[in-house]
Amino acid sequence: MLLERDTELARVGAALSAADEGTSSVILLSGPLGIGRSALLRRLPGVVSGTDVRVLRANAAPMERDFAFGVVRQLLDSLLAGGPQADRERWAREPDRTTGPLFGADGIPADAIPAGAACESTLRGPRSLLADISEHARLLILVDDLQWVDIASLRWLAYLTKRLRGLRVVLVCTLRDGDQGAGHALVREIAAASTQLLRLAPLSRDATRTVIHERSGVPGEEEYVRACHEVTGGNPLFLVSLLLGMDARGYEPTADHADRVRALRPAGLRERLASYLRTRTQAVRDTAAAIAAFGGHGDPALITELAGLDEIGFGAARRALREAGLLTDAREPRFVHRVVQDAVESAMSVAERERWHAAAADLLYRSGRPAEQVAAHLMAVTAFGRPWSVMVLRGAADTALRRGAPETAARYLRRALLGHRPQDESRARLLVELATAERGFDPEACRRHIVQAMPLLTTVRDRAAAALRIPPPLLGAVPPSTATLLRGVGEELGRPAELDGPAREMALRLEARLRHDGHENPGELASAGERLRELGEEPPLGSVAERELVAVLLFSGTLTGGLTAAEAARTGGRILEREPATSAGAHTTLPLVVITLFAAESVQDVGSWLSTEQQARWQNATGADTVLLLAERAFVLVSQGRPAQAREYVERAMGSAEADWREASIMILSTVALELRDPALSERILARALRRGTAGLALTAALRILQASVDAQRGLRPRALERLLACGRQLDVSGWRNSALFPWRPHAIGLYQRLGDSRSALRLAEEELTWATAWGAPAGLGRALRLKGWLQGAQGVPLLREAVAVLRDSFFELELARTLVLLGRQLGSGAEAEAALREAGTVAAACGAPWLVERAEHGLGTASAPKTAVLTRSERKVITLVGRGLTNQEIAGELGVSSRAVEKHLTNSYRKLGISGRHELADVLPA
């Protein structure tokens, strides 16, 4: 409280020095609430120099205003208590010299005598008393909170300030800005008689830093200091309360906690401010309540009308709040801190707060303000009682949805439902609108509210439209009740071929939904394939419903492998060309098209579409849409050989809420994690996905393959192989044979070979090559050729050459680099081997794969180096333990060294062997 107050202390000290020569002074210390006036006044006796200074002290209080001469009594009591024994005895023998200030000559209380007569009577004794005392010692008279001094004492002080000439007296008073008492005529008279007016300034940032250091014991980081200074405005009371709150919660003064500083609303400060506000005038309290009702800020004209004041009254009340340090200097009335609004609201009862919000809602509605502004106040009112309330809440919900705030829209609509009791069609429409908002963050609630609305809707079209609001559980399990509901509405509506116009559109969309609900049923998949062939080589895509149906049929054909990659890419590309930018991608069949194009390796088409539509989609994207966009972008980047950038998008997706992770997004992110080969990242994705609970076959298969990859990289090859084979069996039963979507076979081939079962590995490799040839995607075919060529050793070189030729037409450059490295190592030596390894290094470097660059460079040095690499004894011990499946920490415990030492030995070993990690040790070491 006393930081940066040296100037004020020096002024008082100078005044006391001047008093020694007979020059009296009246000093007024002013400032807003919490600035430190009282603290400075308490400090003054301790800093004055000299033993010849007598201090008279009095503290005024609002509850003591009715006690006449209460402040004067305090001053004289302190005079008697602090004086020498001889003086106290002498004043006791001459009571008129001490009682004169309190009573008139006739014993009548001074506050009952007219002002002029009272002052003449009461000061006839005190001035001579002060003169007598000041002959022997200088007097420092301190009066705290002048605005609360009783009227009689004010008259006494006002009279005294004009008659101090020649006395060795310094009178110091404090005055709080913005208090109604500061406007009293006698207070203004005393202020006008002051020789110095000292207004205390807020603390600077350096002073704020000092306070933080003193309170916490450690220096505050700059961002933390800046946040404290911005939030408190340098007000010592606000600052100390804030730091006490942060300390109570155990937050250190670090930059990481700067946001918590901005969000904290200290309870102690709230109570202090509420107590202050209770003593203000009705106009000031009403103005503060009106500002609070508008959220801590608002239009001056609206606040004036809500407070029930005219412009003059509002201006005076606003000025009082600003001078008290509770309002900023902005054009719009605005509280300096959110805790001020808390204080205003805590000073009111619940009923009072509701009345203010109800009045604000009425005022805003009559003024034609936007629906969301009116709705914000309706949300705080228990009883409706307004015929337009439901209409306004529906309008506010629509606005919130359009700006990408579905949870806010849902809150408005739930409130509207509470105000609409009749079980009629209007209630059904509210339920449908609520379900529309909820499908973005709570699909189960969406389904439940649609079910509630169905019996209240009178037409089949309305029921069909409502049913279509239920978001399709893409790649997820379909609740039986939802399937039954959709099927019933579809039968009631009729076949698409028998309808036209909007009814046909609804029927097509219902067909798409029902066909996708059966995507785990081989019979339904076969039927979807026939339906797609019925539509011809170029299915109609003119309407949203037609695109939805074709997207589902196309994905079904991709799952079964009933299409070729070229056919899937051509039709999927046509859908994207006609698909407008939308923020509802996660709640449509559009992700199925993107996944299909990824499987068909039409990455360039998806990348171009994302770049074109991305900006519009980002603007209004909800949480689930955002995760989907991040996942799609990450897949494009990793496919283009940009793993570092892909990882950034994955990390951004990891930072989103778990509720926003839908099946399609998880499946795409799992595929990206497989390519990145990062066990830690894969485990984080697995942990988050598994916490979602039950999942459909697609997500289960994708997560099993990812978990098998993690197991293999951790050295748990038998477990990994078991997972992959179980996954393959389950996919075959459902008729899902597309290895581009679920690459369990390529991973199982490598594990079979590393576990010594070459025959099983070759059998799977032949199956993979057969499927990849039929599918026709370059990267899938090239990978199948590479795996079979790897298994055949030197005899597989022709297959590797063919794989390189195929992969040159693919955008998956990392797969090309892998194949070139393997080709170079299989060739052993010669110009072709050297050229392959050099190209592999160049491509791997461009893709950001340093481990593959090292393998290429190692192969250039000597093709046989990996088999004859010289390892140190310590490196051989570590590699042996790795072969037994031990983790780094277990190896460190076995050898009695640190984990860091184990990591160093492994890094050196991998470099010498020309491999990237544990999963490649079997290729270069004996069994």
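Quick caveat: nothing in here was measured; it's all calculated off a predicted structure.

Chemist: Explain the pairing of strand β3 (residues 138-144) to me, please; I cannot follow it from the model alone.
Modeler: Among the seven residues in β3, seven count as buried, and that is most of the element. Pairing between strand β2 (residues 53-59) and β3: seven bridges, direction parallel. Its bridge partner lying in β3, Val 53 is registered against Arg 138. Pairing of β3 with strand β4 (residues 169-176), which is carried by five bridges, proceeds in the parallel orientation. Counted as the bridge partner of Leu 142 is Val 172 from β4. Each parallel crossover has a hand, and for β3 linked through helix α7 (residues 151-161) to β4 it is right-handed.

Chemist: Explanation requested: the nonpolar core in the structure shown.
Modeler: Grouped burial of nonpolar side chains is what soluble globular proteins tend to show. Val 650, Ile 685, Leu 731, Trp 736, Leu 741, Phe 742 and Trp 775 are the most contacted members of the largest nonpolar core, which totals 126 residues. At 11 residues, the largest contribution of residues to this core is made by helix α36 (residues 697-713). Setting aside its immediate chain neighbours within four residues, Leu 731 contacts Leu 697, Ala 701, Trp 736, Phe 742 and Trp 744. If you look at the next biggest cluster of nonpolar residues, it comprises 82 residues, including Ala 360, Val 374, Val 390 and Ala 464.

Chemist: Please clarify how the sheet that holds β3 should be interpreted in this entry.
Modeler: The strands making up a sheet are joined through hydrogen bonds of the backbone, oriented either antiparallel or parallel. Spatial strand order, β2-β3-β4-β1-β5: five strands in an open sheet with parallel pairing. Every interior strand has two partners, whereas the edge strands, β2 and β5 (196-199), have only one. Taken over all neighbouring pairs, the strand axes of this sheet differ in orientation by 15° on average, direction set aside. Its contacts with the sheet place helix α2 (residues 37-47) against β1 (25-31), β2, β3 and β4, and it is angled at close to 160° to β3.

Chemist: Is there a simple way to explain helix α26 (residues 501-517) in this structure?
Modeler: Spacing of three or four residues puts side chains on the same side of an α-helix, whose turn is 3.6 residues. Here α26 spans 25 Å end to end across 17 residues, near enough to the 24 Å set by a 1.5 Å rise per residue. Lining the buried residues of α26 we find α24 (460-467), α25 (480-493), α27 (522-534), α28 (544-560) and α30 (590-599).

Chemist: Got a minute to help me understand the environment of Arg 463 in this structure?
Modeler: The residue Arg 463 is located in helix α24 in this model. Residue classification places Arg 463 among the buried residues on the basis of a relative accessible area of 16%. The sequence separation of Arg 463 and Leu 485 amounts to 22 residues, and the corresponding C-alpha distance is 9.8 Å. Apart from residues lying up to four places away in sequence, Arg 463 is in contact with Met 454, Leu 457, Thr 458, Val 489 and Glu 492.

Chemist: What's the story with the confidence of the model for the protein chain in this structure? I'm lost.
Modeler: Predicted coordinates in regions of low pLDDT should not be interpreted in detail. In this model, the protein chain carries an average pLDDT of 84, and 89% of its residues clear a pLDDT of 70 or more. Considering only residues more than four positions removed or in separate chains, one finds that residues 862-868, a stretch of pLDDT under 50, has seven contacts.

Cut-off values and rules
- Residues numbered from 1 in each chain as written.
- Predicted model: local features only at pLDDT ≥ 70, side-chain atom pairs only at ≥ 80, totals over all residues.
- Heavy atoms only, no water.
- Buried < 20%, exposed > 50% of the residue type's maximum accessible area, 1.4 Å probe, protein only.
- Helix = DSSP H or I, 4+ residues; strand = E, 2+ residues; numbered from the N terminus.
- Pairing = 2+ DSSP bridges.
- Right-handed = clockwise from strand over helix to strand, strands pointing away.
- Core = buried A, V, L, I, M, F, W, Y, C linked by side-chain atoms within 4.5 Å.
- Contact = heavy atoms within 4.5 Å.
- Axes fitted to C-alpha atoms, helices over the stretch in contact; angles between N-to-C directions.
- Expected span 1.5 Å × (residues − 1).
- pLDDT = per-residue confidence, 0-100.

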